[in-house]
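Residues per chain, in single letters:
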Amino acid sequence: MATKGNPGDNRSRSSLSSFIIVAALCCFFYVLGVWQRSGFGKGDSIALDITKMAEDCGILPNLEYETHHGNQSTSFDDPKQDIKEIEPCGEQYIDYTPCHDQMRAMTFPRENMNYRERHCPPDEENLHCLIPAPKGYVTPFSWPKSRDYVPFANAPHKSLTVEKAVQNWVQYEGNVFRFPGGGTQFPNGADAYIDQLASVIPIDNGTVRTALDTGCGVASWGAYLFKKNVLTMSFAPRDSHEAQVQFALERGVPAVIGVLGTIKLPYPSRAFDMAHCSRCLINWGANDGLYMMEVDRVLRPGGYWVLSGPPINWRINYQAWQRPKAELEEEQRKIEEMAELLCWEKKHEKGEIAIWRKRVNNEYCRERDSRVTLCESSNAENVWYKKMEACVTPYPETTNSDEVAGGELKPFPDRLNTVPPRIASGSVPGLSVESFKEDTKLWKKHVNSYKRVNKILNSGRYRNIMDMNAGLGSFAAALESPKLWVMNVLPTIAEKDTLGVVYERGLIGIYHDWCEAFSTYPRTYDLIHANGVFRLYKDKCNAEDILLEMDRILRPEGAVILRDNVDVLTQVKRIATSMRWSTKMVDHEDGPLIPEKVLFTVKKYWVVGDNNSTVSD
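Residues numbered from 1 in each chain as written. Predicted model: local features only at pLDDT ≥ 70, side-chain atom pairs only at ≥ 80, totals over all residues. Heavy atoms only, no water.

- Going by the annotation in an unreviewed UniProt entry, the name recorded for the protein is Methyltransferase, with Anisodus acutangulus given as the source organism.
- As stated in UniProt under Sequence similarities (unreviewed entry), the record for the protein gives "Belongs to the methyltransferase superfamily." (UniProt positions renumbered as here; feature names shortened; annotations may be inferred.)

This is how it looks when you write it as structure tokens:
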């Protein structure tokens, strides 16, 4: 009687045979594709089909993108490769935010919230280990359910449910947090509050697309503005109200750790269509109106500023606020005075809500110019770690009283692919209308290629997406969908400052130096895109440090797409494999002869206490 062979051996031989056959066919198709592209056989439908099949040969179908919560097997390109594993950090580092560490913060002055600003550790204090996820961590709910429910295990902090119990911020229910959509200033819910604002501000027609929420709490205002197709950048300090920003990002809402303190906000001038403070506890009248000047800098001409809560309508509310009338009166007087100096027009005051509008150009503000100090216009975008200045950012020049300074923006979504005013006016050196259109077209091609490899890219699985080197924002524009949002990061060492262009397209972003940690909690992004980041930072800082930071902010089973030269990606791939990432290298869309490649990776699921080997035996 014949002995049966090991079925595993049969599968191995079958897999090897299939691989050889596929490889041979790919080579054959590629040669024929090159022949077709060379000019011979043009118009030959068979050659065109073969070329298309050759392009598909670069796709590697076995990279794990679906979530398994720790039960998936991990495969690597070369499991026998000798790779030194990077060890996990201890349990105490689950929520480690290097540049917003509480102990380090307490060593800085409390004046003007300096201690709540970014204070990063020196290089010798950087951790060289992997930040673990808490036990029980699960993939967040898909949007829009995530707006209202967050798994308790993902951010196990109950302090806000106690401190804000009567204000309808967040409630703990079983194994989830529930976010009812309430807030200190909108007890009837965020929808009702936003409808009040929409009676004054054109929120419903695409005119208002980008918003800034200062002192955002759990970012319910930004969460509910998604219904209006408004994209909000929310920020709050890491303070006694633990996990505000963490909750916002778990909900699928854009947010960063930040504060109005002593340094400029990390956003370009004329970025936001609307800025908002709902009882955000910022002393707007302090320091001769310095904080209002900073809001004016980032507010585009014609943009709106909303202030709700103290001291608005203090005559009626001073008793409920338990503050002296004289103190509140003086506070509002300073705000009104500074708004006038900034040349803002007051559009509305009712109840506890006041709304101002920034003038569309300087024609209405000539009289105020003698009473204020104007900033040097060349410094308007130079904001990284730069001190706020007691000066007013000047408007771009206009030729008549109806012209919008800096250029008028189309309503969204038309503005997404319309040539931005900063490009059309030639104010970004080295960029033209033609180069903008070409960049937009190129990234549509790249993103389509990404979707062929990662077929769930636009499925709603990835909500919070980051582009580490955003350029003109064309990656985000190609992905644009109500299922997701993109944090467009412009490296501070980038050759061209294009973040203002990103905002003019109706997208959001932030300046950052990738030699430092990002201002967010661990596990806050579902997908990270890095185009040329390691080439850009070569000789600036260690590639391993950048990858460890990417791992810190990436969710378990999150994905990373890296585009760079093959020699750079070979080094990156080796480090990534040691970090519990599955990796697959793919050729450039235009074929294997192009030195630029794409590295697709998936971060393995593991939680604190797991000692899973990062490399297969």
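### A word on empty space enclosed by the protein
Where empty space is left can be seen by rolling a probe of water-molecule size over the atoms.
Alright, step 1. The full count for this structure, using the stated rule, is eight cavities of 30 Å³ or more.
Alright, step 2. Space inside the largest cavity adds up to approximately 270 Å³.
Alright, step 3. Looking at the lining of the largest cavity, the elements that each hand over two or more residues are strand E6 (255–257) and strand E13 (508–512).
Alright, step 4. Of the residues contributing to the lining of the largest cavity, the split by class is 14 nonpolar, four polar and three charged. (1 Å grid on protein atoms, 1.4 Å probe; cavity = no way out; pocket = protein on both sides within 12 Å on 5 of 7 lines; lining within 4 Å. Points joined across faces, edges and corners; volume = space filled by probe spheres on them. Helix = DSSP H or I, 4+ residues; strand = E, 2+ residues; numbered from the N terminus. Nonpolar A, V, L, I, M, F, W, Y, C, P; charged D, E, K, R; others polar.)

### Some details on the sheet that holds strand E5 (residues 231–236)
Alright, step 1. Reading across the sheet, the seven strands line up as E6-E5-E4-E7-E8-E10-E9 and stay open at both edges, with mixed pairing between neighbours. The sheet terminates laterally at E6 and strand E9 (344–350), the two strands that pair on one side only. Direction aside, neighbouring strands of the sheet carry axes that sit 15° apart on average.
Alright, step 2. Sheet analysis places E5 next to E6, joined by three bridges and oriented parallel. The residue bridging Phe235 from the neighbouring strand is Val256, located in E6.
Alright, step 3. Strand contacts of helix H6 (residues 190–198): strand E7 (272–278), strand E8 (299–308) and strand E10 (353–358), with the helix running at about 45° to E10, the strand carrying the most contacts.
Alright, step 4. Across the face of the sheet, helix H9 (residues 290–298) comes into contact with strand E4 (210–214), E7, E8, E9 and E10 while running at roughly 135° to E8. (Pairing = 2+ DSSP bridges. Axes fitted to C-alpha atoms, helices over the stretch in contact; angles between N-to-C directions. Contact = heavy atoms within 4.5 Å.)

### Quick look at the sheet that holds strand E16 (residues 581–587)
Backbone hydrogen bonds are what pair the strands of a sheet, in a parallel or an antiparallel way.
Alright, step 1. On the basis of which strands lie adjacent, the open sheet formed by seven strands has the order E13-E12-E11-E14-E15-E17-E16 and mixed pairing. Of all the strands in the sheet, the pair left with one neighbour each is E13 and E16. Each neighbouring strand pair of the sheet contributes to a mean axis angle of 20°, computed without reference to strand direction.
Alright, step 2. Pairing between strand E15 (residues 554–565) and strand E17 (residues 596–603): seven bridges, direction antiparallel. Bridge assignment links Ala559 to a residue of E17, and that residue is Val602.

### A few points about the pattern of salt bridges
Alright, step 1. For the coordinates displayed, the defined rule picks out 34 salt bridges.
Alright, step 2. Its salt-bridge partner being Lys228, residue Asp195 comes within 3.6 Å of it at the nearest N-O pair. A residue pair is termed long-range when its members are at least 10 positions apart, and Asp195 in helix H6 and Lys228 in the loop between helix H7 (220–225) and E5 qualify at 33 residues.
Alright, step 3. For Asp195, a relative accessible area of 44% gives the class partly exposed.
Alright, step 4. On the accessibility criterion, Lys228 (22% relative accessible area) is partly exposed. (Salt bridge = Lys/Arg side-chain N within 4 Å of Asp/Glu carboxyl O. Buried < 20%, exposed > 50% of the residue type's maximum accessible area, 1.4 Å probe, protein only.)

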